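Now for the letters of each chain:
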Protein chains: 2
Amino acid sequence: MATTGKQLFTTLEADGTLTVALEDVTLPDPTGAQVLVRMEAAPINPSDLAILVGGADVENAEYSAGKFVAKLPAPVNAASKARHGLKLPAGNEGAGTVIAAGDSSAAQALVGQRVSCVPGSAYSEYCLADANLCLPLGDHTAEEGASAFINPMTALGFVETAKADGAKAILHTVGASNLGQMLTRICLEDGIELVNIVRKAEHVDLLKGQGAKHVVNASDSDFFEQLTDAIRETGAFCGFDPIGGGTLVDTAFKAMERVAYEQMTEYSRYGSNQMKRMYIYGRLDNSPTTLTRSYGFGWSLSGWLMFPFLQAIGRDTVMRMRQRVRDNLTTTFASHYKTRVTLEQMLTRDAVLDYRAMKTGEKYLVTPWG
Amino acid sequence: MATTGKQLFTTLEADGTLTVALEDVTLPDPTGAQVLVRMEAAPINPSDLAILVGGADVENAEYSAGKFVAKLPAPVNAASKARHGLKLPAGNEGAGTVIAAGDSSAAQALVGQRVSCVPGSAYSEYCLADANLCLPLGDHTAEEGASAFINPMTALGFVETAKADGAKAILHTVGASNLGQMLTRICLEDGIELVNIVRKAEHVDLLKGQGAKHVVNASDSDFFEQLTDAIRETGAFCGFDPIGGGTLVDTAFKAMERVAYEQMTEYSRYGSNQMKRMYIYGRLDNSPTTLTRSYGFGWSLSGWLMFPFLQAIGRDTVMRMRQRVRDNLTTTFASHYKTRVTLEQMLTRDAVLDYRAMKTGEKYLVTPWG
């Protein structure tokens, strides 16, 4: 009873030619803990974009039905060497209905149910997913469950990471993003102080309207003072940043150190001993991270990625996090979408140029069946 | 019975004028756990230099007997704002004879003994030191005991830090330094694999002559391949770097990632999950640290400073480390000096220009009494 349907693949050749195209794929029957899901909705997250469009010249790509072919600039292509010649699926997460299952009890229990899943090939009509990562959605729609994994588990992961560091407050550098708004709701519920950085006055209003107490605007001329004040008021010496490139992480460390230094009673050539931690969890800016190290030696900058984090933190904590997501899917963990597109529509020039821009609050949802 | 002697002070005015000069100072009698030490030898470590000369224009300074006055370039001076108007002692460590003690038993036990000490004001004829940080030197000379704290506890601290990270091998970016040679001896004794980076062919020979197995020369055109090979052979995913500025840390992460990536069985857009850690423990290069982040998300870069590390690791471990230093002072933990200078001589132009250059293997020893 093999199942055939359309699936998106992204292929990078050694010469820098990126082909993103739909193909008809016949999936084998699910085995073990696998479930076969008829996909109904899948978001385009920033973490999906790297593999979908990366640094490709999508403005000048060739677009045709169910396909585009673009060139990667030479430096980007050189940095992507590990991908050369590989045809990869795309779409971390989504939601759909389980139409077949392997013989494990976890898989069998899901047959006929609508689930949130994390197949890594969510941009498809059908896909195979791990039953252990599926969340049964009950009466929720596929749209409500499409983003139930990446953003919720990332935001909850920040809180767990901060707690493990002994932090009582968190800095987040993209407060107005879907993830940022979710983190704002979580921190309000949990009584954790949060400093949100945004880039537009309207986003200050947006977050304050949602109850956020500390929102600082990086576009304001007194941004550094705003940030320092907010860190002083909250004690946010632990921050998360998906931008990565440039000087924002450095600025955050400087503001943290200024607050720590104010509280010292005597001069130290080594700066404060207050531990300052920043985590980079994305690549919105691929340019190098610049660190002036003008904040003593009590600092740490790390990469942060959800899946290794979940592996490290252990199954019990993960299950507790998953349950919380399920219980609050349309409130705390709700995501919002600008547009719905079919698999074909997501490969058109207008769509690609728009979602590639990753504008705050303008997330796309792929609905394979329209 | 107050004691009077010469002591070096370094003062930075708001206008960028740095005055380093000897003064006659009358010390109060030691109290509690304090001991009064007649200083006989004190090294000029890189960690002392920042406060002694920093980024001052010592070439064009005014030198007179027991004094020099130099200008800090405007950017350096602006970054040193916290020091403006402060008159600071200098000299982290040294050795001398305890001539008086406070009434604590630890202090009283040291009277009449030659000790290694960590007064923070070691460039002086007499100073007050904490008895708890003193190491009785027995029959050792002051020169043998002068550097018994900073380098030995730093090198042992690297090993403890690497162990706490679960690392079995260590990368050190300045293998030929006094500290690097000490770390080489420690790792040989403890059976820990060590990758030493040096910058001169003669330093490759020097370290190999001391038994080092993995020495790579950053001046060679195939440095990156040498480094990658050494990391592959040792599994050194944990490194220590006192340079800080530039791209060396980034290069180390890249080499670690290349090795980790070779061992992966399938492509991941996120890079390897192998945790790669680098610690910056100095400021030999004040320029910004540049991170390309082209090594996935499994990386962490932290500042590392000995005193907070010792505070965090606990008294028992510190005492065990101290005992090891004492037992191996003239072997594992021996330091070597290029020149001895008096307090007056260390403030002459020739001396300042020479030790400021921080050439590998050319450490100065200050001997206040000649």
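Residues numbered from 1 in each chain as written. Chains lettered and ligands numbered in written order. Predicted model: local features only at pLDDT ≥ 70, side-chain atom pairs only at ≥ 80, totals over all residues. Heavy atoms only, no water.

## Some thoughts on the pairing of strand 18 (residues 299-303) of chain B
- Among the 5 residues of strand 18 of chain B, 5 are classified as buried, and the element is accordingly described as predominantly covered.
- Examined bridge by bridge, strand 18 (residues 299-303) of chain A and strand 18 of chain B share 3 bridges and lie antiparallel to one another. Its bridge partner lying in strand 18 of chain B, A:S302 is registered against B:S300. (Buried < 20%, exposed > 50% of the residue type's maximum accessible area, 1.4 Å probe, protein only. Helix = DSSP H or I, 4+ residues; strand = E, 2+ residues; numbered from the N terminus. Pairing = 2+ DSSP bridges.)

## Considerations on helix 5 (residues 150-164) of chain A
Residues and elements named next belong to chain A.
- In this model, helix 5 (15 residues) spans 20 Å end to end at C-alpha, consistent with the 21 Å of a helix rising 1.5 Å per residue.
- Counting buried positions along helix 5 gives 13 out of 15 residues, so the element sits mostly inside the fold.
- Of the residues one or two after helix 5, G166 is the one with positive phi, at around 80°. (Expected span 1.5 Å × (residues − 1).)

## Concerning the confidence of the model for chain A
- Chain-level statistics for chain A give a pLDDT mean of 95 and a share of 100% at 70 or above.
- As scored by the predictor, the complex reaches a pTM of 0.92 and an ipTM of 0.90. (pLDDT = per-residue confidence, 0-100.)

## Focus on the relation of the copies chain A and chain B
- Taken as rigid bodies, chain A and chain B are interconverted by a rotation of 180° and an axial shift of 0.0 Å, the fit giving an RMSD of 0.0 Å. When the rotation and shift are considered jointly, the pair of chain copies conforms to a two-fold rotation axis. (Least-squares fit on C-alpha atoms with pLDDT ≥ 70 in both.)

## A closer look at the interface of chain A and chain B
- With 40 residues of chain A at the interface, the matching set in chain B holds 40 residues.
- Among the residues chain A hides against chain B, the three largest losses belong to A:R269, A:R293 and A:F297. Together they make up 25% of the total.
- Across the chain A-chain B interface, the total number found is 0 salt bridges.
- At the boundary of chain A with chain B, the tally comes to 17 residue pairs in polar contact (both at pLDDT 80 or more).
- Those elements that place two or more of their residues in the side of chain A that touches chain B are helix 1 (46-52), strand 6 (87-89), strand 15 (244-246), strand 17 (285-291) and strand 18 of chain A.
- The biggest single contributor to the side of chain A that touches chain B is strand 17 of chain A, with 7 residues.
- A breakdown of the residues in the side of chain A that touches chain B according to their chemical character gives 19 nonpolar, 15 polar and 6 charged. (Contact = heavy atoms within 4.5 Å. Buried area = accessible area lost by both parts, 1.4 Å probe. Salt bridge = Lys/Arg side-chain N within 4 Å of Asp/Glu carboxyl O. Polar contact = N/O pair within 3.5 Å; in protein donor to acceptor, adjacent residues only side chain to side chain. Nonpolar A, V, L, I, M, F, W, Y, C, P; charged D, E, K, R; others polar.)

## Considerations on the domain arrangement of chain A
All names here are of chain A.
- According to the domain assignment, chain A contains domain 1 (3-147 + 335-366) and domain 2 (151-308).
- The centre of domain 1, based on its C-alpha atoms, is set 31 Å off from the matching centre of domain 2.
- Of the residues lining the interface, 9 residues belong to domain 1; the matching set on domain 2 comes to 9 residues.
- Across the interface of domain 1 and domain 2, roughly 740 Å² is buried in total on both sides, 56% from carbon and sulfur atoms.
- Linking domain 1 to domain 2 there are 0 salt bridges.
- In this structure, the connection of domain 1 to domain 2 is made through 1 residue pair in polar contact (both at pLDDT 80 or more).
- Across the side of domain 1 that touches domain 2, the residue classes tally to 3 nonpolar, 4 polar and 2 charged. (Domains from an automatic or database assignment.)

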